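# Residue-level structure breakdown
Residue strings, one per chain:
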Amino acid sequence: MSNEPMSLPEEPDLQRELRLVELRREAESRGKVGVRGIRPEGAPFPKASPETGYYEIPLLKPPQWTHEIPLYFFVGGAAGAAAVVSAIGHYVGADRKLVRDARYIAAAGAVISPALLIADLGKPQRFLGMMRVFKPQSPMSVGAWTLLGFGSAVSAATFAGVLRERYGPSFPLALIENAGEAATIPLGLGLATYTGVLIGATAIPVWNQNVGDLPLHFAASGLSAAVGMLELMGHSKNRALQALGLGAALFEVWEGIRIEGRSHTHLDPLKHGISGAITRVGGALSGPIPTALRLASMFAGRERASSLRRWAGASAVAGSLLTRIAWLRAGIASAQDWRQPLEIKPDPQSWPNKHPEFGTPSKAAKV
Amino acid sequence: MSTTAFLTDSTLCIGCKACEVACKEWNHVAEDGLEWSGYSYDNTGAVGASTWRHVKFVEEPPTPGVGGNSGEQASWVFSSDVCKHCEVAGCLEACPTGAIVRTEFGGVFVQPDVCNGCAYCVVACPFGVVAKNKEDGRAFKCTFCYDRQKVGLEPACAKACPTESIKFGEINQLRAEAQERLQALQDRGMQDATFYDPTHTSVQGTHAMFILRGDPRTYNLPPNPEVPTVYLKKGWTSAALAAGLLLGGTLLAFLTDGARDGR
């Protein structure tokens, strides 16, 4: 059937006939026809060449993690920072309720984090695989053990603390609580920072090119989330938290400037597309907005200041979550950009992975 | 026990995909769906969780002398891609469970009963080889036919290859053979013949080497693949700095705060 010559329709299609007349008029009047004619779907077709790689097929495999992992980065980061705030606050004699609430955030994080990781792995017993070996050269292994230690220490300290409040102080309880609390400081610091190394030490360009920034950026994000949660829990008049929140927010402003102020191709996923949009919204909620709200609260009346700080806290929490999602999405977008690992200078017009417009001279056409 | 390697010579490849089929049959790898990618006669586009050997079809306008064609038809260069079995392997370093091991033959092997599906190896591979099986959750790639090598047999793909495009043997011997072959090809006028074995980067060479025509980037082979462990030092330094700042900042914030509980 398909070999039959094309036949004219029995009734002429007026629209199509008029179009032919139109083309003829244009050709007569201008000496050429400006439109491009029919463009086959997907054209111009990618080629295999030193300029286009293998048919522009991404060389790297994209990160396979779904929403559990950025959520874990957020929860774990906040929990780690909250544990540090709780323990240090305890040692220097800060408000007892603040110390306790910060510990509860850490404890909640210690429960939610492994649950998220197990959800990512698919089967609970698979998490036990992480406990087979300790590999210092694998940030994933270091992180799994850090989380395990952190969970144990925080749970022990929290449980002992609850028993102490209910049944009064005793030596064994004090021992467990203090030992657990002391251990949460190094483990919490590890938990809040290692995720930056985890994604930084990979083959994904946007991650490994920012490996020097990521742990600092993630630590600031975790701290600002922990401070924000505490402020939302009613500690919006604590001055130490204000200072910490302001410090973290200022760091995030600087990180935003680092991303926006430089023009490297590896930063493209943080500026373009959906991942770029999430990065920018997350960055604004983490940096400039809480900074402005916190500065405003310093000059506001007592009640107004407290309200402004709760808003700053809410913004920081949302910003921290979006920032973690943004970095994962940027990693996925970065893996799709076949030019980076092949060291092909990208065409600034065609990011990401878009073919040059039909009719314009493309590098692919020179084969 | 010798250290073994593949030498895949794309100048001999005829694009028959016998290696793909042999690999699937021997290793019981699921089929990928016999769909055309639209890129010449390529099916899957890349190696993956269920494609451990993958024949690349580099199709170009008629180029007399390439692929032995008449100069009227499109010219093809075929190249059978596979896990590179890096001398320093990103996936092996990254694996938190110890599932990925170095075999006595020098290959990189994912133990399927140990892999827990964390997918960290996927982002650690600079060649985009290791892939996660979406249904199963675990990571899969070429085993270098560890089971066959154990009993002294060559890998299934090498055995099935009808033109000896896929050579298997002792690594240093193959490296020497590759140099001879390269010289022979260049003597025959194939000035663009190249040898791909990135010994100059942190990968320190591979156990799957390639003889190609033209720029390796045409075949999605990166000019400078790096093992991600090279980023660790910078990352942990930054983490230590971050931890110091977090600790110091928290101490400072509480110590300078006048309104202490004091009890």
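Keep in mind it's a predicted model, so treat the numbers as computed, not measured.

Rules behind the numbers
- Residues numbered from 1 in each chain as written.
- Chains lettered and ligands numbered in written order.
- Predicted model: local features only at pLDDT ≥ 70, side-chain atom pairs only at ≥ 80, totals over all residues.
- Helix = DSSP H or I, 4+ residues; strand = E, 2+ residues; numbered from the N terminus.
- Buried ≥ 20, exposed ≤ 12 C-beta atoms within 10 Å, placed from the backbone.
- Domains from an automatic or database assignment.
- Contact = placed C-beta atoms within 7 Å.
- Nonpolar A, V, L, I, M, F, W, Y, C, P; charged D, E, K, R; others polar.
- Pairing = 2+ DSSP bridges.
- pLDDT = per-residue confidence, 0-100.
- Axes fitted to C-alpha atoms, helices over the stretch in contact; angles between N-to-C directions.

### Structural notes on the overall build of chain A
- Secondary structure assignment for chain A yields 13 helices and two strands.
- Looking at chain A residue by residue over its 367 residues, the buried ones come to 51%.

### A short note on the domain arrangement of chain B
Residue and element names in this part refer to chain B.
- Domains assigned within chain B are domain 1 (4-226) and domain 2 (227-263).
- Each of domain 1 and domain 2 was reduced to a C-alpha centroid, and the two centroids are 45 Å apart.
- Counting residues at the interface gives nine residues for domain 1, matched by four residues for domain 2.
- Considering each element in turn, the side of domain 1 that touches domain 2 owes the most residues, three residues, to helix α2 (residues 90-94).
- Per-class residue counts for the side of domain 1 that touches domain 2 are five nonpolar, two polar and two charged.

### Structural notes on the pairing of strand β3 (residues 75-82) of chain B
All names here are of chain B.
- The buried fraction of β3 amounts to six of the eight residues, a majority that puts the element mostly inside the structure.
- Two strands pair when backbone bridges link them, and strand β2 (residues 53-60) and β3 are joined in this way by eight bridges, in the antiparallel orientation. Among the inter-strand pairings, Lys56 is bridged to a residue of β3, identified as Ser79.

### Considering the confidence of the model for chain B
All names here are of chain B.
- Overall, the predicted model of chain B reaches an average pLDDT of 92, with 94% of residues at or above 70.
- The lowest-confidence element of chain B is β3, averaging 91 in pLDDT; the highest-confidence one is strand β5 (residues 108-110), averaging 98.
- What the predictor reports for the complex is a pTM of 0.89 with an ipTM of 0.93.

### With respect to the interface of chain A and chain B
- Contacts between the two partners involve 64 residues from chain A and, on the opposite side, 63 residues from chain B.
- Ranked by residue count, the leading element in the side of chain A that touches chain B is helix α6 (residues 171-200) of chain A, at seven residues.
- Here the residues of the side of chain A that touches chain B sort into 39 nonpolar, 17 polar and eight charged.

### Quick notes on the sheet that holds strand β9 (residues 193-196) of chain B
Residue and element names in this part refer to chain B.
- Reading across the sheet, the four strands line up as β8-β1-β10-β9 and stay open at both edges, with mixed pairing between neighbours. With one partner strand each, in any of the chains shown, β8 (166-170) and β9 form the two edges of the open sheet. Here the strands of the sheet are splayed against their neighbours by 20° on average, with no regard to which way each runs.
- Pairing analysis gives four bridges linking β9 to strand β10 (residues 208-213), with the strands arranged antiparallel. Across the sheet, Thr194 pairs through a bridge with Leu212, a residue of β10.

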